[in-house]
Amino acid sequence: MNFDIWLYVGIIGGLISIGVALYLFFWVRRQDPGSARAQEVAKWIKDGAAAYLKKLYSALGILAFILALIIALVFSLTSSTINTQASSAGSLPFGAIMAICFLFGAICSASAGFLGMSVAVEANVRTATAAKTNLSGAFRLSFYAGAVLGLAMVGVAVLGMSLIYLLTRNAQAVLGFSFGASTLALLAKAGGGIYTKTADIAADLVGKIELGIPEDDPRNPAVVADNVGDNVGDVAGMGADIFDSYVASAVAVMLLGASFSLQGNLNPVLYTVLPLIICFLGTVASLIGIQFVRVKDDGDPGVALNRGTIITCLLFIVMMLGLKLSFAELNWGVVWSAVAGIIAGVVIGFTSDYFTNDKHKPVQETSRVSTSGSAITIITGFSYGLISIVPSVIGIVTATLVAFFVSQSYGLPGVYGIGIAAVGMLSISGMIVSADAYGPIVDNARGIAEMAGMGDEVIERADVLDSAGNTAKAITKGFSISAAALTVLALFAAFSEVMALHGVDIQISLRNPLVVAGVFLGAMTPPLFSALTMLAVTHGAFDMIEEIRGQFKANPNILAGKENPDYARCVSLAAHGALSSLVLPAFLAVGMPLVVGFIFGPEALGGFLGGAIFTGVIFALLMSNAGGLWDNAKKYIESGKFGGSGSEAHKAAVVGDTVGDPFKDTAGPSLNTLITVMSLVSSLFAPIIAVVHLIK
């Protein structure tokens, strides 16, 4: 069978997904933007977000160009040592092909994030305005705005991967595309996370704790920077993050599928193209599932979001069964591995919901003990965060074992099944990201409603929408972290396959001191990365707190509400702090694997990846869930429980939320991208490291 048809189908499917995203984008822009005051507040946020992204993408553009030159040089000089497979890219040197694919991946990742942020800053004020009429209209508008990012992301990813493979016939070229997407995603997510939490913490500590003013009070100089951060961190950053995981999971399986050329009983073309087929089916399921996300005026937005996710999952499972029935050549192991992955993703996502939703014991208990002070709030939330690791890890282990042994029982390599489980888990990213992007949009809408003085009824409706958004973000993080764990396991297998092609049989034995050294260095890296990003937040927050206090002291009319504060100063402080803090995290992601590989060799690098995978997943789950728990405990108290806003319990919960902010929005969700980038770097440079390393 000619499998090129599926590549063309993938390209067409990607274009359709992008087309629907653009249609929704312009639909959102046609909605009522509200009063002149609301539009003024929204413009502050829009201008701040645009200014930061311009600086970020300018800096990342230079970095991407430098890395592309390095890739072109290294892969051109060492092309004789690399199996480049067949290529239809003309007479271009392999290094040039890799560099172009790298840049294309970076551009695609940036484009998806930028489109998502562009609609978010248009949708926030329109959602607030719609909330003046009813809850259902505001929910529909904000969710469709989130769907712009979800559909654009999967559309660009499927289009890019299908196009590159169609032109090059080279899975390693798609690896270059993935590396470009991942490098930009890591820095966009980490930078956006530093930005948003710098402003959030400063605004909370001075506004809520010191002055006792509401969260989005326009008198607070940091309030605009806080709302800007929701867009650059939780929309553009998270969009790039999921784009990275989505592409990396497919690339890992493509590399494994290409290695089937060494096995006579398996069709390497089918199993190389297969992850693209699965991604296409997931895109179709997401397009349909989005239509089922509806809520009535007295309904629960969280239930509507969960219903859309479950329907999308069921549609995908039906489509996978239909694919098998249509193509007898397809191995049943692939179907059951994909199903195991998506079921595990749902279970892990809803486990995150249990630990972060105010309807369940962890949040309620943390809220209750907040009446005894912030220390117990932090201990309780941290403890529940540790407990939340258990079901997620069990889910990852279950999906791994089921995928491995089911695939083997049907004659497929077990590691290929693990990769398919990751692709299956991320296949419905269109739906998952739509729900995730909805969160910061309604958060901004709530802020605009308060700053523009829209009234208590609008703020209450926005709070209902915002509560569901926090839970949706927690579920998304559970999905992305779990999928990253399976993805990097598949990438590790791909790394081993590439090494095997060059005569290096990777043996990870703890009796080998080089492997032990690699394991410890790898295990050290995620905690160090977390520390660097969170210290960047605290340093930036400290400077911004001084700026806020200085403005209040220099101009008493600000606190009196007679004059606007200098919002631009806080926006600038947050942007400068975020961008200047990315150098060391970038080195850890890209440089550390190369240092370990070129000095200690392939087996030490294998140990390094193993250590980084294990601590990275554990820390990511802990920080994302504990941070979400503290955030919703604060909101639970603000709803009137345990004394309500201004009570001692509320003050303690605000401290807990402040501690959790860099946990859940800076370090935690960046770790899955970190381990993915390190795995991609290792796989990309594996052919060179196999030949060139200091310790033989």
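Residues numbered from 1 in each chain as written. Predicted model: local features only at pLDDT ≥ 70, side-chain atom pairs only at ≥ 80, totals over all residues. Heavy atoms only, no water.

**Quick look at the overall build of the protein chain**
- Counting its secondary structure elements, the protein chain contains 20 helices and zero strands.
- For 696 residues, the compact-globule formula gives about 26 Å, and the C-alpha radius of gyration of the protein chain, at 24 Å, lands near that figure.
- When its C-alpha atoms are laid out on the principal axes, the protein chain stretches across 75 × 50 × 45 Å.
- Contacts in the protein chain between residues at least 24 apart in sequence constitute 85% of all its contacts with a sequence separation of at least 6.
- Carbon together with sulfur atoms contributes 67% to the accessible area of the protein chain, which is approximately 22700 Å² in total.
- Here the protein chain carries 37 positive and 45 negative side-chain charges, and the mean point of each set is 3 Å from the other. (Helix = DSSP H or I, 4+ residues; strand = E, 2+ residues; numbered from the N terminus. Rg over C-alpha atoms; globule rule 2.2 N^0.38 Å. Contact = heavy atoms within 4.5 Å. Areas by Shrake-Rupley, 256 points an atom, 1.4 Å probe, with all protein chains shown as cover. Lys, Arg positive; Asp, Glu negative; His and termini not counted. Charge placed at Lys NZ, Arg CZ, Asp CG, Glu CD.)

**Considerations on the side chain of asparagine 357**
- Mapped onto the elements, asparagine 357 comes out in the loop between α9 (332-356) and α10 (361-369).
- At 3.0 Å, the side chain of asparagine 357 and the backbone nitrogen of lysine 359 are in polar contact. (Polar contact = N/O pair within 3.5 Å; in protein donor to acceptor, adjacent residues only side chain to side chain.)

**Some points on the pattern of salt bridges**
- A complete count under the given rule lists 22 salt bridges for this structure.
- Here the salt bridges do not stand alone but share partners, grouping Lys197, Asp200, Asp631, Lys634, Lys635, Asp657, Asp661, Lys664 and Asp665 into one network. (Salt bridge = Lys/Arg side-chain N within 4 Å of Asp/Glu carboxyl O.)

**Regarding the packing of α9 against α10**
- Remark: α9 packs on α10, axes separated minimally by 5 Å, with the N-to-C direction vectors making an angle of 20°. Overall, the two elements α9 and α10 adopt an arrangement that is roughly parallel. Contacts from Tyr354, Phe355 and Thr356 in α9 reach Lys361, Pro362 and Val363 in α10.
- In terms of residue class, the contact of α9 with α10 is made up of four nonpolar, one polar and one charged. (Axes fitted to C-alpha atoms, helices over the stretch in contact; angles between N-to-C directions. Parallel < 35°, antiparallel > 145°, perpendicular 65-115°, else oblique. Nonpolar A, V, L, I, M, F, W, Y, C, P; charged D, E, K, R; others polar.)

**Focus on a nonpolar patch on the surface**
- Judged by side-chain polarity, Phe587, Val595, Ile599, Leu694 and Ile695 come together as a nonpolar surface patch covering roughly 420 Å² of accessible area.
- For valine 595, the position within the fold is in helix α18 (residues 583-600).
- The partly exposed category is assigned to valine 595, whose relative accessible area is 36%. (Patch = residues over 30% accessible without salt bridge, like charges linked within 9 Å, V, L, I, M, F, W, Y side chains within 5 Å. Buried < 20%, exposed > 50% of the residue type's maximum accessible area, 1.4 Å probe, protein only.)

**Some thoughts on the packing of aromatic side chains**
- Using the criterion set out here, one finds 17 aromatic pairs in the structure.
- On the basis of an interplanar angle of 50° and a centroid distance of 5.5 Å, the ring pair of phenylalanine 104 and phenylalanine 177 is categorised as tilted. Of this pair, phenylalanine 104 sits in helix α3 (residues 94-130) while phenylalanine 177 sits in helix α5 (residues 171-211), and the two are 73 residues apart along the sequence.
- Take phenylalanine 104: its relative accessible area is 30%, and that puts it in the partly exposed class.
- For phenylalanine 177, a relative accessible area of 0% gives the class buried.
- With a centroid separation of 5.6 Å and 85° between ring planes, the pair formed by tyrosine 271 and tyrosine 416 is classed as edge-to-face. Of the two residues, tyrosine 271 sits in helix α7 (residues 268-289) while tyrosine 416 sits in helix α12 (residues 414-426), which places them 145 residues apart along the sequence.
- Under the relative-accessibility criterion, tyrosine 416 is labelled buried at 0%.
- Within the aromatic cluster, the residues linked to one another by ring pairs are Trp27, Phe139, Phe143, Tyr144 and Tyr438. (Phe/Tyr/Trp six-rings, centres within 6.5 Å; stacked < 30°, edge-to-face > 60°.)

**Let's talk about the nonpolar core**
- Formed by 244 residues in total, the largest nonpolar core has its most connected members in Met161, Tyr195, Phe243, Leu274, Val334 and Tyr416.
- Core analysis: the second largest hydrophobic core is formed by six residues, Val363, Tyr384, Leu629 and Tyr636 among them. (Core = buried A, V, L, I, M, F, W, Y, C linked by side-chain atoms within 4.5 Å.)

**A short note on the environment of leucine 401**
- With respect to the secondary-structure elements, leucine 401 resides in helix α11 (residues 374-409).
- Linking leucine 401 and glycine 411, residues ten residues apart in sequence, is a C-alpha distance of 15 Å.

**Side note on the confidence of the model for the protein chain**
- Chain-level pLDDT for the protein chain is 85 on average; 95% of the residues reach the 70-or-more range.
- No element of the protein chain has a lower mean pLDDT than helix α14 (residues 456-501), at 75, and none a higher one than α10, at 94.
- Across residues 81-88, confidence stays below pLDDT 50; counting only partners more than four residues off in sequence or on other chains, it has 27 contacts. (pLDDT = per-residue confidence, 0-100.)

**A short note on unusual backbone geometry**
- A positive phi angle, near 55°, is found at arginine 169, a position not held by glycine.
- With respect to the secondary-structure elements, arginine 169 resides in the loop between α4 (135-168) and α5.
- Here phenylalanine 642, not a glycine, exhibits a phi torsion of approximately 55°, which is positive.
- Mapped onto the elements of the fold, phenylalanine 642 is located in the loop between α19 (602-638) and α20 (648-691).

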